[in-house]
Amino acid sequence: MAVERTLSIIKPDATRRNLTGAINKCFEDAGLRIVAQKRIQLTRDKAEGFYAVHKERPFYGDLCDFMTSGPVVVQVLEGEGAIAKNREVMGATNPDDAAEGTIRKLFAENIEANSVHGSDSPDNAATEIKYFFEGSEIIG
């Protein structure tokens, strides 16, 4: 399996509850390395741009409201098969369906406030990483 990079976002529900360290421990325990990280407050424009793919969906406005409701931690994870590994560690989008021990099972409040986001494909990972990070900010 190839070494990959993927974007991870620790969402406002998790940062509000001071779970950044606990969530990062889950990634690191799974063999993923954090090679870039910053805590930011998303503007409405930045959130709308990031989630533009969902613009026509009924939850788009609420999603942008939620993602701008508090700080987030954006980060780049690196490792063997990092995209799939990250998604495995995060668990199903709906925490009720997530496997025991996954981030969403452990920490999510509900399907909307589900604590983390992760890229779902190599193309999306590359696009999402560039959305938040300059190449010089990623220290492998």
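The shown structure was predicted, so the numbers you read here are calculated from the model rather than taken from an experiment.

## Describing the overall build of the protein
A count of helical and extended segments in the protein gives seven helices and four strands. Counting helices and strands in the order they occur from the N terminus, the protein gives β-α-α-β-α-α-β-α-α-β-α. Sorting the 140 residues of the protein into buried and exposed places 46% on the buried side. A sequence separation of at least 24 residues applies to 77% of the contacts in the protein between residues at least 6 apart. Surface summary for the protein: the accessible area is close to 7300 Å², and the carbon and sulfur share equals 49%. Separation of charge centres in the protein, based on 17 positive and 22 negative side chains, amounts to 3 Å.

## What to know about the layout of surface pockets
Of the voids in this model, the largest pocket is the one considered here, and its volume is about 760 Å³. What lines the largest pocket is a set of 28 residues, among which Tyr-51, His-54, Phe-59, Leu-63 and His-117 lie closest to the centre. Counting residues per element, the lining of the largest pocket draws most heavily on helix H7 (residues 122-132), at four residues.

## Some words on the packing of aromatic side chains
Throughout the structure, instances matching the rule amount to four aromatic pairs. Look at Tyr-131 and Phe-132: their rings are 5.1 Å apart centre to centre, the planes differ by 80°, and that puts the pair in the edge-to-face class. Exposure remark for Phe-132: the relative accessible area of 7% places this residue in the buried category. One aromatic cluster in this structure is built from Phe-50, Tyr-51, Tyr-131 and Phe-132. A cation over a ring is seen here: Lys-38 above Phe-133, with NZ or CZ 4.8 Å from the ring centre.

## Regarding H7
Where H7 is concerned, the buried positions are Ala-125, Glu-128, Ile-129 and Phe-132. Looking straight down H7, one finds its buried side chains confined to an arc of 100°; they lie on one side. In this structure, H7 carries Asp-123, Thr-127 and Lys-130 as exposed residues pointing more than 90 degrees from its buried face. Buried positions along H7 lie against strand S1 (3-10), strand S2 (33-40), helix H3 (44-50), strand S3 (72-80), helix H5 (82-90) and strand S4 (116-118).

## Thoughts on helix H4 (residues 60-67)
The complete set of buried residues in H4 reads Tyr-60, Leu-63, Cys-64, Phe-66 and Met-67. Relative to the axis of H4, the buried residues are bounded by an arc of 160° and lie together on one face. On its buried face, H4 sits against S1, helix H1 (12-16), H3 and S3.

## Considering the sheet that holds S3
Taken together, the four strands give an open sheet; going across it, the order is S2-S3-S1-S4, and neighbouring strands pair in antiparallel fashion. Sheet topology places S2 and S4 at the edges, where each strand pairs with a single neighbour. Averaged over all neighbouring strand pairs, the angle between strand axes comes to 20°, with direction disregarded. Examined bridge by bridge, S1 and S4 share three bridges and lie antiparallel to one another. By the bridge assignment, Ile-10 is partnered in S4 with Val-116.

## Concerning the environment of Glu-100
In this structure, Glu-100 sits in the loop between H5 and helix H6 (103-107). We classify Glu-100 as exposed; its relative accessible area is 70%. Spatially, the C-alpha atom of Glu-100 lies 30 Å from that of Gln-41, the residues being 59 residues apart in sequence.

Each value, and the rule that gives it
Residues numbered from 1 in each chain as written. Predicted model: local features only at pLDDT ≥ 70, side-chain atom pairs only at ≥ 80, totals over all residues. Heavy atoms only, no water. Helix = DSSP H or I, 4+ residues; strand = E, 2+ residues; numbered from the N terminus. Buried < 20%, exposed > 50% of the residue type's maximum accessible area, 1.4 Å probe, protein only. Contact = heavy atoms within 4.5 Å. Areas by Shrake-Rupley, 256 points an atom, 1.4 Å probe, with all protein chains shown as cover. Lys, Arg positive; Asp, Glu negative; His and termini not counted. Charge placed at Lys NZ, Arg CZ, Asp CG, Glu CD. 1 Å grid on protein atoms, 1.4 Å probe; cavity = no way out; pocket = protein on both sides within 12 Å on 5 of 7 lines; lining within 4 Å. Points joined across faces, edges and corners; volume = space filled by probe spheres on them. Phe/Tyr/Trp six-rings, centres within 6.5 Å; stacked < 30°, edge-to-face > 60°. Lys NZ or Arg CZ within 6 Å of the ring centre and 35° of its normal. Arc of directions from axis to C-beta. Pairing = 2+ DSSP bridges. Axes fitted to C-alpha atoms, helices over the stretch in contact; angles between N-to-C directions.

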